[in-house]
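For reference, the chains in residue letters:
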Amino acid sequence: MDTKLEEHNGEAILLEGEGLGDRNIAIPDELSLLPIKDTVLFPMVVMPLIVSRESSMKLVDDAVVSDTRIIALSTLKDPNVEAPQISDIYPVGVAAAIHTMLRLPEHQRLIVQGLKRIRIVELIQSEPYIRVRVEEIPDVRDWTDDEDVEIEALRRNVGQAFQKVVTLSQNLPDELQNIVTSIARPGVLADTIALHLPIEIAEKQDLLETEGTRARLRKLLTILLREVEVLELGSKIQSQVHSEMGKMQREYYLREQMKAIQRELGEGDERTAEVEELRGKITESKMPEEAEKEALRELDRLSHMSPAAPEYTVARTYIDWLISLPWETYTIDNLDIPVVHRILDDDHFGLDKVKDRILEYLSVRKFKAEGEMRHPILCFAGPPGVGKTSLGKSIASALGRKFVRMSLGGIRDEAEIRGHRRTYIGALPGQIIQSIRRSGSHNPVFMLDEIDKVGADFRGDPSSALLEVLDPEQNSTFRDHYLEVTFDLSKVLFITTANVLDTILPPLRDRMEILEIAGYTEEEKLEIAKRHLIPKQLNEHGLMKTKHITFTKDGIVELIRGYTREAGVRNLERQIASICRKAAREFAEGREKPVKANAAQVHAYLGVPRYTYEELADRTDEPGVAVGLAWTPTGGDVLFIEATRMEGGKQLTITGQLGDVMKESAQAALSYVRSHADELGIAADFYKSSDLHLHVPAGAIPKDGPSAGVTMATALASLLSGRKVKPRLAMTGEITLRGKVLPVGGLKEKILAARRAGVETVIVPKENRKDVEEDVPQDVRKDLKIIYVDDVSQVLSEALEPNGARKHSTRKHKAAASV
């Protein structure tokens with residue numbers, strides 16, 4: 001580059017009022033132009049320069065032998081330009097006089113003094129150096145005599161602001177404060193201060209180009225006030241940093257002194273090592289800022305406690321809990337949908353709705369790779385033994401997540417969920433935090449088993465505590481009473497199980513996505529036994545399939561039909577285990593021939609079947625008995641309703657431990673029969689001299705609900721008309737006094753129970769057709785004749801035998817039952 005500013009102990013030398021420094025000196029119209037970089041020269045200010053470029057050195061040589069020794073100086077727009085042209089130079093500069101020049105082998109040293117502002121008008125020559133035609137920019141007085149006070153005020157404000165800048169800045173020497181008192185003229189003061197200010201070159205050039213002293217003072221004051229504000233803020237930040245560093249250093253020195261004292265006394269070495277070890281573990285655990293702050297606060301308390309203090313163990317246990325939680329430990333989900341589907345199918349047969357929901361969730365996860373995703377809160381509702389809990393384990397295995405299970409049955413204390421506060425002796429976190437700690441993962445599959453059996457007493461309501469845990473909008477800030485810091489549960493996949501939904505708190509039920517798992521069909525049980533139950537029991541009893549025992553299809557079917565009547569498969573597994581035990585005993589006693597577990601062998605091992613289809617036929621072989629269908633927490637079941645008539649006077653007796661709703665259904669059924677006696681072929685005055693008795697057997701079991709209404713009406717109509725109910729027929733539906741049949745719930749469980757009991761025809765409300773077609777498997781509907789009705793008259797027409805077919809029908813039915 002041509003020139004650069006020479007450091008001169010941070011000072012610029014001012015020569016004013018004589019010789020070349022005279023403000024009235026004439027400036028030639030043509031001057032040699034020396035470009036400078038990284039600084040701006042102002043009028044009446046002296047500045048040292050170093051010239052190293054060959055063309056610039058020739059310019060200086062020619063100038064010092066001239067009559068005036070005056071050259072033009074202007075700043076480069078871009079200091080990185082190596083060969084500047086006229087377009088690379090600001091058009092406004094300063095005419096300057098060369099006071100001294102020292103020639104050295106590789107460069108020249110100059111001291112120049114700015115004289116007046118000039119504007120470059122025209123380029124005269126470019127080689128060997130730049131010469132230009134210039135015009136002088138006069139330094140006019142831009143204020144009147146009346147405004148002298150304002151100019152003086154501006155001058156003083158600029159001076160005070162500059163003195164404050166010098167005081168606050170570490171890069172400006174204190175001697176520069178003398179400029180304010182030594183320079184009286186406002187214009188010269190503004191130019192001198194502008195030269196020394198640590199501001200951008202563009203701002204200095206703007207000040208140079210500003211015409212008029214008042215305008216220059218105002219602009220300079222704005223810049224000075226800004227610099228004062230920046231420097232004061234920087235000083236404040238620096239003071240705060242120094243204060244913090246001083247505090248840290250003081251604590252460090254005190255800690256080191258304490259360690260030295262303890263070493264001299266032979267105490268505290270182990271405790272210090274323990275505290276430092278805990279401090280390192282807190283850092284390594286990557287816990288959130290809130291938890292880390294609380295852990296370090298408790299650690300500081302611990303470091304000042306005696307190990308014999310009661311609070312020592314409490315504080316140490318609390319820190320251990322915070323350290324041991326998996327704050328940032330996650331398992332990566334398996335998002336290979338076909339593989340997950342295969343694992344779910346291998347572990348469980350059927351349950352397509354639940355599997356589809358899990359696969360849908362994973363599919364969304366696969367496409368939404370970034371950002372937050374809400375995890376579903378699933379609730380598997382269904383009878384015992386259908387595989388709700390094992391399905392949760394299978395989901396965890398398929399996803400590649402850890403699995404934890406918490407049984408909620410019988411829990412009555414809220415602290416089991418939220419934990420105890422540390423003020424109690426022996427306090428611990430709740431089971432939610434404890435289970436996540438045991439899993440070692442922040443995102444396990446968490447199964448809350450038997451959520452419908454949560455109790456409540458004076459210790460609180462656990463269901464209310466679960467409202468936060470099972471709410472995706474709130475569980476990201478779950479706060480355990482023991483930890484007293486937030487723990488994010490939004491990454492956990494919660495799955496709950498229940499047998500019934502009615503006992504679950506309504507707000508809690510609203511937070512969960514209910515997936516109902518009904519009982520298995522006979523075909524599903526057969527497949528489950530082949531794929532899972534039999535191999536499992538053979539393995540548990542040390543038997544081999546080909547060498548010891550083989551189960552035939554008819555043998556398994558006989559187990560399902562004759563020895564179990566359930567929605568799930570637990571009793572079926574018990575019966576299979578019983579056969580395996582008996583077979584194992586025979587082999588232990590010397591048997592060598594493999595056992596073939598067919599129907600006959602099943603009878604030999606287990607005895608007479610517990611359930612037979614003949615029961616259904618025998619109990620409906622006379623008028624006044626009808627078969628209803630009931631829903632129970634363990635699945636569906638058939639319900640016999642018996643009616644009898646005796647002499648008396650207008651009294652209806654209802655027995656069988658029935659609830660109020662069921663008793664009202666009996667009253668409605670009787671009212672319907674009485675009001676339609678003529679249509680049914682019943683004497684109109686039958687009730688004047690008769691008492692009626694309705695009984696529902698299995699009297700030890702409480703029963704309630706409106707769905708037995710059509711069955712009670714059918715039993716009464718059968719009794720009073722003398723027409724028997726058709727064999728192997730069952731029904732369900734609520735009735736009104738007008739004879740309408742209303743829809744009921746639990747259709748799938750009821751129809752599966754009817755099929756298990758040997759029913760061939762089922763009467764259901766017409767409005768339940770959609771439920772049957774959606775929920776009941778096709779093979780079950782194929783085996784049954786399902787009749788849809790919307791009026792009691794249709795029920796009686798389909799359910800009761802014609803008057804002349806009673807005896808023939810009975811004989812035919814008995815013959816069929818005996819085959």
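A quick note: this is a predicted structure, and the numbers were derived from the prediction, not measured.

### Notes on the overall build of the protein chain
When helices and strands are tallied, the protein chain shows 29 helices and 25 strands. Taking 28 Å as the expected radius of gyration for a compact globule of 819 residues, we find that the protein chain reaches 50 Å, considerably beyond that expectation. Its C-alpha atoms give the protein chain principal-axis dimensions of roughly 150 × 75 × 55 Å. Here the protein chain, with 819 residues, has 48% of them falling under the buried criterion. Taking the contacts inside the protein chain whose residues are at least 6 apart along the sequence as the reference set, 75% of them involve residues at least 24 apart.

### Brief notes about the nonpolar core
Counting residues in each nonpolar core, the largest one holds 53 residues, and the members touching the most others are Leu 73, Leu 197 and Leu 224. Sort the elements by how many residues they give to this core and helix 2 (residues 148-168) lands first, with seven residues. Once residues lying within four places of it in the same chain are set aside, the contact partners of Leu 197 are Phe 162, Val 165, Lys 204, Leu 220, Ile 223 and Leu 224. Listed in part, the 52 residues of the second largest apolar core include Trp 327, Val 454, Leu 470 and Tyr 482.

### Quick notes on helix 9 (residues 310-324)
With 15 residues, helix 9 should cover 21 Å at 1.5 Å per step; its first-to-last C-alpha distance of 22 Å lies within 8% of that length. Where helix 9 is concerned, the buried positions are Tyr 312, Ala 315, Tyr 318, Ile 319, Trp 321, Leu 322 and Ile 323.

### A short note on the confidence of the model for the protein chain
Taken residue by residue, the protein chain gives an average pLDDT of 82. The fraction at 70 or more is 92%. Of all helices and strands in the protein chain, the one with the weakest mean pLDDT is helix 29 (residues 806-818) (33), whereas strand 24 (residues 761-765) scores best (93). Across residues 1-21, confidence stays below pLDDT 50; counting only partners more than four residues off in sequence or on other chains, it has 67 contacts. Contacts of residues 805-819 to residues separated by more than four positions or lying in other chains number 13 contacts, the stretch itself having pLDDT below 50.

### Quick look at the environment of Phe 162
Examined against the element boundaries, Phe 162 turns out to sit in helix 2. For the pair formed by Phe 162 and Leu 501, sequence separation is 339 residues and the distance between their alpha carbons is 80 Å. Excluding anything up to four places from it in sequence, Phe 162 contacts Leu 176, Val 180, Ile 193, His 196, Leu 197 and Leu 224.

### Quick notes on the pairing of strand 5 (residues 92-103)
Pairing between strand 4 (residues 70-75) and strand 5: four bridges, direction antiparallel. For Leu 73, the partnering residue across the bridge sits in strand 5 and is Val 94. In terms of strand pairing, strand 5 meets strand 6 (residues 108-125) through eleven bridges, oriented antiparallel. For Thr 100, the partnering residue across the bridge sits in strand 6 and is Ile 111.

### Some words on the sheet that holds strand 10 (residues 445-449)
Here we have five strands laid out as an open sheet, ordered 9-10-13-8-14, and parallel in their pairing. The open sheet has two free edges, formed respectively by strand 9 (403-407) and strand 14 (513-516), since each of these has just one partner strand. Taken over all neighbouring pairs, the strand axes of this sheet differ in orientation by 20 degrees on average, direction set aside. The pairing of strand 8 (residues 378-381) with strand 14 spans four bridges and is parallel. Across the sheet, residue Phe 380 finds its bridge partner in strand 14, namely Leu 515. On top of the sheet, helix 12 (residues 388-399) reaches strand 8, strand 9, strand 10 and strand 13 (493-498); it is set at about 175 degrees to strand 10, its chief contact.

### Quick word on unusual backbone geometry
With omega at -5 degrees, the peptide bond leading from Glu 127 into Pro 128 counts as cis. By secondary structure assignment, the location of Pro 128 is in the loop between strand 6 and strand 7 (131-136). Positive phi outside glycine occurs at Asp 38, with the angle close to 65 degrees. Mapped onto the elements of the fold, Asp 38 is located in the loop between strand 2 (30-36) and strand 3 (46-51). Although it is not a glycine, Gln 657 adopts a positive phi angle of roughly 55 degrees. With respect to the element layout, Gln 657 can be found in the loop between strand 19 (651-655) and helix 22 (660-675). With relative accessibility at 42%, the residue Gln 657 sits in the partly exposed group.

### Topic: the pattern of salt bridges
Going through the model one piece at a time under the given rule, you end up with 42 salt bridges. Across the salt bridge formed by Lys 116 and Glu 136, the nearest N and O atoms sit 3.2 Å from each other. Of this pair, Lys 116 sits in strand 6 while Glu 136 sits in strand 7, and the two are 20 residues apart along the sequence. The buried category is assigned to Lys 116, whose relative accessible area is 15%. The partner of Arg 728 in a salt bridge is Glu 760, and the shortest N-O contact between them spans 3.8 Å. Pair noted here: Arg 728 is in the loop between helix 24 (709-721) and strand 21 (729-731) and Glu 760 is in the loop between helix 25 (747-756) and strand 24, with a separation of 32 residues, a long-range link.

The rules behind these values
Residues numbered from 1 in each chain as written. Predicted model: local features only at pLDDT ≥ 70, side-chain atom pairs only at ≥ 80, totals over all residues. Heavy atoms only, no water. Helix = DSSP H or I, 4+ residues; strand = E, 2+ residues; numbered from the N terminus. Rg over C-alpha atoms; globule rule 2.2 N^0.38 Å. Buried < 20%, exposed > 50% of the residue type's maximum accessible area, 1.4 Å probe, protein only. Contact = heavy atoms within 4.5 Å. Core = buried A, V, L, I, M, F, W, Y, C linked by side-chain atoms within 4.5 Å. Expected span 1.5 Å × (residues − 1). pLDDT = per-residue confidence, 0-100. Pairing = 2+ DSSP bridges. Axes fitted to C-alpha atoms, helices over the stretch in contact; angles between N-to-C directions. Salt bridge = Lys/Arg side-chain N within 4 Å of Asp/Glu carboxyl O.

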